[in-house]
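Residue-level structural notes
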Amino acid sequence: MHTAPRQQPAEPGNVTAFARFVLCGGAVGLASSFAVTALASLIAWSVANALVAVVSTLLATELYARFAFGGGTRATRRQHAQSAGSAAAAYVATCAAMFVLQHLVVAPGVVLVQIVYLSASALVGIARFAVLRLVVFARHRPQSAATDRTAPLAHASVAHDPAPGEPVAVHHAA
């Protein structure tokens, strides 16, 4: 039995990719914020944030690979590793935001903690989108792809010198 090769889904445009990224990352991020808050009542906040960051990064990377950036397949180990690097930066940023909050407000309420955490996550998320879109999940195109569009023009020749007002006949090399 012969099966047709699986075609790779078309890469979504930037707006679509960003909307999908926000949907996937936002859902995972929102769930993560509640998980961090719940775990922080049992263990140190930084440890809770680290545990949730690992789990949420694995989940989000799979969602990005399969849905947000149009791959339709599982994320590779390389993509997981690169995504983890950007998530590590996000972890540092959220820890820094929470550190600043703890030093500015003696006993912040849950709502304020959520606002600060989600705001820091959103700002880092925009930077992560750029890294993931342009580096981690970028489709590798051959370098000649840009020249392929102009190649027919470079190899075009005029059949004869046209007389004034006569249309130009252009023949493309094969």
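Scroll up for the structure.
Our subject in this report is the structure included herewith. Quick caveat: nothing in here was measured; it's all calculated off a predicted structure. (Residues numbered from 1 in each chain as written. Predicted model: local features only at pLDDT ≥ 70, side-chain atom pairs only at ≥ 80, totals over all residues. Heavy atoms only, no water.)

So, about helix H2 (residues 45-68). Side chains of residues three or four places apart in an α-helix project in the same direction, reflecting 3.6 residues per turn. Its 24 residues give H2 an end-to-end C-alpha distance of only 30 Å, which falls more than 12% under 34 Å, the value for a rise of 1.5 Å per residue. Residues of H2 that are buried include every one of Ala48, Asn49, Val52, Ala53, Ser56, Thr57, Ala60, Thr61, Glu62, Tyr64, Ala65 and Ala68, and no others. Buried residues along H2 sit in contact with helix H1 (14-40), helix H3 (77-104) and helix H4 (110-136). Two residues or fewer past H2, Gly70 is found with a positive phi of approximately 75 degrees. (Helix = DSSP H or I, 4+ residues; strand = E, 2+ residues; numbered from the N terminus. Expected span 1.5 Å × (residues − 1). Buried < 20%, exposed > 50% of the residue type's maximum accessible area, 1.4 Å probe, protein only. Contact = heavy atoms within 4.5 Å.)

Here Tyr117 lies in helix H4. Tyr117 sits in the buried class, given a relative accessible area of 9%. Sequence separation of Tyr117 and Ala97 is 20 residues, and the distance between their C-alpha atoms is 7.0 Å. Discounting chain neighbours no more than four positions away, the residues touching Tyr117 are Ser32, Ser33, Val36, Trp45, Asn49, Thr94 and Met98.

This part covers the side chain of Thr61. Mapped onto the secondary structure, Thr61 falls in helix H2. The residues touching Thr61, leaving out its near neighbours within four places in the chain, are Ala75, Gln79, His80, Ser83 and Phe137.

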